[in-house]
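Spelled out, the chains give:
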Amino acid sequence: MEINGLTRTCGLLGNPVEHTLSPAIHNTLAELTGINLTYLPFLVEKEKLGDAVQGARALHILGLNVTVPHKEKILPFLTAVDELAEKIGAVNTLVSTEDGYKGYNTDMPGLYRAMASDGISVEGEKILLLGAGGVARAVAVMLCDKAGQITILNRTVERAAAIAEEVNAYAGRRVATALALEQYTSLPDKDYLTIQATNVGMYPDTEKVLISDMDFYEKIRVGYDLIYNPGETRFMRQVKAAGGEAYNGLKMLLYQGIIAFELWNDCKITEEQAAVVYRKLLNGL
Ligand code: NAP
């Protein structure tokens, strides 16, 4: 793509940003759609976050992604926040509007679209959510209206309980319950859709797994690990060994990027274009 006087800039605010795959997603989408846009990583220290947003605004940056550690702390610097992002309490995408940047959360719609593309429906499902960090909380918020039940398992059970209480209030029904990690033996069912939302097993600690007991994996019908590096985690291997289906988080990453690109450019990315970007990400890992 030729950069010229009409090229618009988008980018990522984070710290660190060296290993991000987002430039590969957005620059490939720009090429595929012919949209005159370039995407860059911007390293931003937390005390400079407000300056970065103001500077981006002054430079007419079209849109930004936001990653660790800024997803929550950026909220006060925005002029508006989308309803889902507000509920989740974190944004990963900023869209330029007349008055300033509006914040969105495309991580969760990204996960939803990734699951749909893998043929996985969450409607009425029994969901087992492993973890109670920022991402697990967002998953619970997104699924609380759709899932049949959500059981949240976490090392620090108080964090799981706080999320369960919050999403039950949102849903207006007792959809979520919390369990301490070691209570997995008491899970009554055998066909959970399990979302692995902890960082256990992530590169370079690829031999780690949250629960190693194979009896646990007998209870899992589908295992969705939000980690994408390595491409196959030990959690996924154990799900498969017990006869279940297993997926990684690369498609979630892909679709959160696609949804951001669609918001910035008011366009629709086709599944064929998504597949091209996905292959590029696979090659890059
Ligand atoms: P976070 O807020 O730091 O939460 C980490 C979670 O992992 C907590 O539930 C924590 O339990 C648990 N945990 C960490 N180390 C543990 C250990 N040794 N034993 C047991 N539990 C442990 O992290 P996050 O931001 O939610 O991110 C979670 C994962 O999502 C990461 O792996 C990240 O790669 C992935 N992710 C994927 C995408 C994607 O696009 N695919 C996007 C964002 C994030 P405690 O509460 O007990 O500490």
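This text gives an overview of the structure that appears in the document. Keep in mind the model is a prediction, meaning the values are calculated, not measured.

### Quick notes on the site of the ligand
Inference 1: Neighbouring the ligand are 21 residues, the closest being A132, V135, N154, T156 and R159.
Inference 2: In the environment of the ligand, an oxygen atom lies 2.7 Å from a nitrogen or oxygen atom belonging to the side chain of R159.
Inference 3: Between the ligand and N199, the relevant distance is 3.4 Å, taken from an oxygen atom to a side-chain nitrogen or oxygen of the residue.
Inference 4: Within the complex, 75% of the 940 Å² of free accessible area of the ligand lies under protein.
Inference 5: At the level of secondary structure, the elements contributing two or more residues to the shell around the ligand comprise helix 5 (134-143) and helix 9 (250-265).
Inference 6: Of the residues that constitute the shell around the ligand, the class distribution is 11 nonpolar, eight polar and two charged.

### Examining the side chain of N248
Inference 1: With respect to the element layout, N248 can be found in the loop between strand 12 (245-247) and helix 9.
Inference 2: Separated by 2.8 Å, the side chain of N248 and the backbone oxygen of G231 make a polar contact.
Inference 3: Side-chain polar atoms of N248 contact the backbone nitrogen of L250, separated by 3.0 Å.
Inference 4: Contact partners of N248, with chain neighbours within four places excluded, come to Y224, D225, I227, Y228, G231 and M236.

### What about the environment of V122?
Inference 1: Relative to the helices and strands, V122 is located in the loop between helix 4 (107-117) and strand 7 (126-130).
Inference 2: We classify V122 as buried; its relative accessible area is 3%.
Inference 3: Sequence spacing of V122 and P23 is 99 residues, and the spatial spacing of their C-alpha atoms is 30 Å.
Inference 4: Those residues in contact with V122 that sit more than four places away from it in its chain are Y112, M115, I127, L143, K146, A147 and L193.

### Side note on the sheet that holds strand 4 (residues 80-81)
Inference 1: If you walk across this open sheet you meet the six strands as 2-1-3-5-6-4, and the pairing is mixed. Strands at the two margins of the open sheet, each flanked by one partner only, are strand 2 (37-43) and strand 4.
Inference 2: Here strand 3 (residues 63-66) runs beside strand 5 (residues 93-96); their pairing, made up of three bridges, is antiparallel. Of the residues in strand 5, the one forming a bridge with G63 is V95.

### Let's talk about the side chain of T7
Inference 1: Positionally, T7 belongs in the segment before strand 1 (8-14).
Inference 2: Taking relative accessible area as the criterion, T7 reaches 16% and is therefore assigned buried.
Inference 3: Engagement of the side chain of T7 in a polar contact is seen with the backbone nitrogen of N4, the distance being 2.8 Å.
Inference 4: Of note is the side chain of T7, whose polar atom sits 2.8 Å from the side chain of N36.

### A word on the pairing of strand 2
Inference 1: Two strands pair when backbone bridges link them, and strand 1 and strand 2 are joined in this way by seven bridges, in the parallel orientation. Looking at strand 2, one finds that L13 is bridged to F42.
Inference 2: This β-α-β element, strand 1 to helix 1 (residues 22-33) to strand 2, shows right-handed connectivity.

### Some words on helix 5
Inference 1: Within helix 5, eight of the 10 residues are buried, which leaves the element mostly enclosed by the surrounding structure.
Inference 2: Every buried residue of helix 5 is accounted for by A136, R137, A138, V139, A140, V141, M142 and L143.
Inference 3: Packed against the buried residues of helix 5 are helix 3 (83-88), helix 4, strand 7, strand 8 (149-154), helix 6 (157-171) and strand 10 (192-196).

### Re the sheet that holds strand 9 (residues 176-180)
Inference 1: Taken in spatial order, the six strands of this open sheet run 9-8-7-10-11-12, and their pairing is parallel. Strand pairing shows two members of the sheet lacking a second neighbour, strand 9 and strand 12, which therefore form its edges. Across this sheet, the average inter-strand angle for adjacent strands is 20°, counted without regard to direction.
Inference 2: As defined by bridge partners, strand 11 (residues 220-225) adjoins strand 12 across three bridges and the pair is classed as parallel. Residue pairing in the sheet places V222 in a bridge with E245 of strand 12.

Rules behind the numbers
Residues numbered from 1 in each chain as written. Predicted model: local features only at pLDDT ≥ 70, side-chain atom pairs only at ≥ 80, totals over all residues. Heavy atoms only, no water. Near = heavy atom within 4 Å. Polar contact = N/O pair within 3.5 Å; in protein donor to acceptor, adjacent residues only side chain to side chain. Areas by Shrake-Rupley, 256 points an atom, 1.4 Å probe, with all protein chains shown as cover. Helix = DSSP H or I, 4+ residues; strand = E, 2+ residues; numbered from the N terminus. Nonpolar A, V, L, I, M, F, W, Y, C, P; charged D, E, K, R; others polar. Contact = heavy atoms within 4.5 Å. Buried < 20%, exposed > 50% of the residue type's maximum accessible area, 1.4 Å probe, protein only. Pairing = 2+ DSSP bridges. Right-handed = clockwise from strand over helix to strand, strands pointing away. Axes fitted to C-alpha atoms, helices over the stretch in contact; angles between N-to-C directions.

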